[in-house]
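Residue-level listing of the chains:
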Amino acid sequence: MAMQIRDAQVIRLIERIGEHYRTNISNRFIRPALLQLPLEKQSWDLIEILTEKIEQYQYQGYHLDELYRQIAAAARFVALTRRELVPTLRNRLGGGSSGPDKVLRDMAVNNFASNLQLFADLVNELYINLVELDKLDAKGRRPLYMQLPEMADIGRMLVGS
């Protein structure tokens, strides 16, 4: 049975991740370019659960294994976006808007790389917090994160080597 996470610090961090993602990553200016990324539907679904479905978990808590899968999807998203989208974002979005929208779009594009880095840092902080809770809960057993093959490269994908 996977551990239930009800830690207030973890929940606040997940709220910050969702808020930052909706405002600075998947906003109306950037989303059209994000949707062109070759990321499988399952990963998009897991990212959506992590960043959008916060109320569902506030009372019942999160399952550790599900959070790890969401973090793995977010890490794949970050690595892919860094490689595929950041270098070409301005060209992909092109022109097409003027006036206040142009200013907002330019701000979204200009700040995207640093906003993606902040998203990666927040997800990495969440991962580190969960690993600590996982180790405390393991009591002599192998912690769950060590049993999940998709967790092996998380740090490298988020930190960006």
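That block above? That's the structure.
Quantities reported herein were computed from a predicted structural model and do not represent experimental measurements.

Undergrad: Break down the pattern of salt bridges for me, citing the residues and quoting the values.
TA: Close approach of charged atoms lets side chains of opposite charge pair. Scanning the model with the defined rule gives ten salt bridges in all. A salt bridge links Lys102 to Asp106, with the nearest nitrogen and oxygen atoms 3.0 Å apart. Of this pair, Lys102 and Asp106 both sit in helix H7 (residues 100–110), four residues apart, which is roughly one turn of the helix. Using a relative accessible area of 37% as the deciding quantity, one classes Lys102 as partly exposed. On the accessibility criterion, Asp106 (19% relative accessible area) is buried. Linked by salt bridges that have partners in common, Lys102, Arg105 and Asp106 make up one network.

Undergrad: Give me the lowdown on the packing of helix H3 (residues 41–52) against helix H5 (residues 64–84), citing residues and values where you can.
TA: Two numbers describe how H3 lies on H5: the axes approach to 8 Å, and their chain directions differ by 115°. Comparing their axes, H5 and H3 come out roughly perpendicular. Of the two elements, H3 crosses H5, and the hand of that crossing is left-handed. From H3, Ser43, Trp44, Leu46, Ile47, Ile49 and Leu50 reach across to H5, where they touch Leu67, Arg69, Gln70, Ala73, Ala74, Arg76 and Phe77.

Undergrad: Can you lay out unusual backbone geometry for me, pointing to particular residues and giving the numbers?
TA: A positive phi angle, near 45°, is found at Lys139, a position not held by glycine. In this fold, Lys139 is placed in the loop between helix H8 (112–138) and helix H9 (144–147).

Undergrad: So what's going on with the packing of aromatic side chains? Which residues, and what values?
TA: A complete count under the given rule lists five aromatic pairs for this structure. On the basis of an interplanar angle of 70° and a centroid distance of 6.1 Å, the ring pair of Tyr68 and Tyr127 is categorised as edge-to-face. With a gap of 59 residues between them, Tyr68 in helix H5 and Tyr127 in helix H8 connect regions that are remote in the sequence. We classify Tyr68 as buried; its relative accessible area is 0%. For the ring pair Phe77 and Phe119, a centre distance of 6.1 Å and an interplane angle of 90° mean the geometry is edge-to-face. Of the two residues, Phe77 sits in helix H5 while Phe119 sits in helix H8, which places them 42 residues apart along the sequence.

Conventions adopted
- Residues numbered from 1 in each chain as written.
- Predicted model: local features only at pLDDT ≥ 70, side-chain atom pairs only at ≥ 80, totals over all residues.
- Heavy atoms only, no water.
- Salt bridge = Lys/Arg side-chain N within 4 Å of Asp/Glu carboxyl O.
- Helix = DSSP H or I, 4+ residues; strand = E, 2+ residues; numbered from the N terminus.
- Buried < 20%, exposed > 50% of the residue type's maximum accessible area, 1.4 Å probe, protein only.
- Axes fitted to C-alpha atoms, helices over the stretch in contact; angles between N-to-C directions.
- Parallel < 35°, antiparallel > 145°, perpendicular 65-115°, else oblique.
- Left-handed = near helix turned anticlockwise from the far one by under 90°.
- Contact = heavy atoms within 4.5 Å.
- Phe/Tyr/Trp six-rings, centres within 6.5 Å; stacked < 30°, edge-to-face > 60°.

Don't take any of this as a statement about function, it's just geometry.
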